[in-house]
Amino acid sequence: MSSRRYITSIAPIEHINGRMAQVSNIVSNSPDGTDLYADGYWYGFRRNGSMRNRFGIRHYRRNLVSNPYTAAEDENRTLFTISLNVVYANKAIPGNWALCVAEWAEQRDYSTQIGYAVHVVRASNGEWPSRWVP
């Protein structure tokens with residue numbers, strides 16, 4: 001059974017990059033450097049308040065033989081994972097989360113509370129800020 005994908009956009013469309021594909025297709029890394037082409041997956045974003053959109057499709061796997069993860073990439077991934085775990089742990093503490101939400105409501109750069117919290121925790125090297133502890 002075939003399916004169709006549609007984009008609803010405000011005309012005129014300023015920019016669409018790539019083509020649409022099944023969302024369930026996942027492109028993983030290639031640890032041995034073979035079979036680099038995959039079915040691909042759909043990705044994209046549109047910033048809040050902006051008429052410009054950026055959408056595309058990824059088909060080629062990362063060849064880990066010729067392009068392995070660098071130490072900086074590993075550190076970045078580890079810091080993100082730690083920051084996300086710290087945010088979710090403190091989200092379960094009502095007092096800590098209330099202070100975070102209050103500060104999030106005063107800014108306009110981040111549209112989600114989780115996104116703002118992860119940004120602040122990453123900036124403080126994976127530590128929950130002391131100003132968010134009652």
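Here goes a summary of the coordinates provided. Worth saying up front: this structure is predicted, and the values here are computed from it rather than measured.

Parameters at a glance
- Residues numbered from 1 in each chain as written.
- Predicted model: local features only at pLDDT ≥ 70, side-chain atom pairs only at ≥ 80, totals over all residues.
- Heavy atoms only, no water.
- Helix = DSSP H or I, 4+ residues; strand = E, 2+ residues; numbered from the N terminus.
- Buried < 20%, exposed > 50% of the residue type's maximum accessible area, 1.4 Å probe, protein only.
- Contact = heavy atoms within 4.5 Å.
- Phe/Tyr/Trp six-rings, centres within 6.5 Å; stacked < 30°, edge-to-face > 60°.
- Lys NZ or Arg CZ within 6 Å of the ring centre and 35° of its normal.
- Axes fitted to C-alpha atoms, helices over the stretch in contact; angles between N-to-C directions.
- Parallel < 35°, antiparallel > 145°, perpendicular 65-115°, else oblique.
- Nonpolar A, V, L, I, M, F, W, Y, C, P; charged D, E, K, R; others polar.
- Salt bridge = Lys/Arg side-chain N within 4 Å of Asp/Glu carboxyl O.
- Polar contact = N/O pair within 3.5 Å; in protein donor to acceptor, adjacent residues only side chain to side chain.

**Remarks on the overall build of the protein**
Of regular secondary structure, the protein possesses three helices and two strands. When the helices and strands of the protein are placed in sequence order, the string is β-β-α-α-α. Residues counted as buried form 23% of the 134 residues belonging to the protein. A separation of at least 24 residues holds for 50% of the contacts in the protein among residues at least 6 apart in sequence.

**Observations regarding the packing of aromatic side chains**
Two descriptors summarise a pair of aromatic rings, namely the distance from one centre to the other and the angle between the planes of the rings. Under the counting rule described, the total for this entry stands at four aromatic pairs. With a centroid separation of 5.4 Å and 70 degrees between ring planes, the pair formed by Tyr37 and Tyr60 is classed as edge-to-face. With Tyr37 in strand E1 (residues 37-46) and Tyr60 in strand E2 (residues 53-60), this pair connects stretches of sequence that are 23 residues apart. The exposure class assigned to Tyr37 is partly exposed, which follows from its relative accessible area of 45%. The class for Tyr60 is exposed, based on a relative accessible area of 55%. An aromatic cluster is defined as three or more aromatic residues linked by ring pairs; in this entry it consists of Tyr110, Tyr116, Trp128 and Trp132. Its guanidinium or amino end placed over the ring of Tyr69, Arg77 lies 4.6 Å from that ring's centre, counting from NZ or CZ.

**Some details on the packing of helix H2 (residues 94-106) against helix H3 (residues 113-123)**
Look at H2 against H3: their axes get within 10 Å of each other, and the N-to-C directions meet at 100 degrees. Relative to H3, the element H2 is oriented roughly perpendicular. Two secondary-structure elements touch here, H2 through Trp97, Cys100, Val101, Glu103 and Trp104 and H3 through Gln113, Ile114, Tyr116 and Ala117. Classifying every residue of the contact of H2 with H3 by side-chain character gives seven nonpolar, one polar and one charged.

**Thoughts on the pattern of salt bridges**
When charged atoms on two side chains of opposite charge get close, those side chains can pair. Scanning all chains against the criterion turns up two salt bridges. Glu73 is the partner of Arg62 in a salt bridge, and the nearest nitrogen-oxygen pair spans 3.0 Å. In this pair, Arg62 sits in the loop between E2 and helix H1 (71-91) while Glu73 sits in helix H1, placing the two residues 11 residues apart along the sequence. Under the relative-accessibility criterion, Arg62 is labelled buried at 18%. Across the pair Glu103 and Arg131 runs a salt bridge, and its minimum N-O distance is 2.9 Å. Of the two residues, Glu103 sits in helix H2 while Arg131 sits in the segment after H3, which places them 28 residues apart along the sequence.

**Here's the deal with H3**
Those residues of H3 that sit buried are Tyr116, Ala117, Val118, Val120 and Val121. On its buried face, H3 sits against H1 and H2. For H3, the capping residue at the N-terminal end is Thr112, with a side-chain oxygen 3.1 Å from the backbone nitrogen of Gly115. Remark: Asn125 follows H3 within two positions and exhibits a positive phi of approximately 55 degrees.

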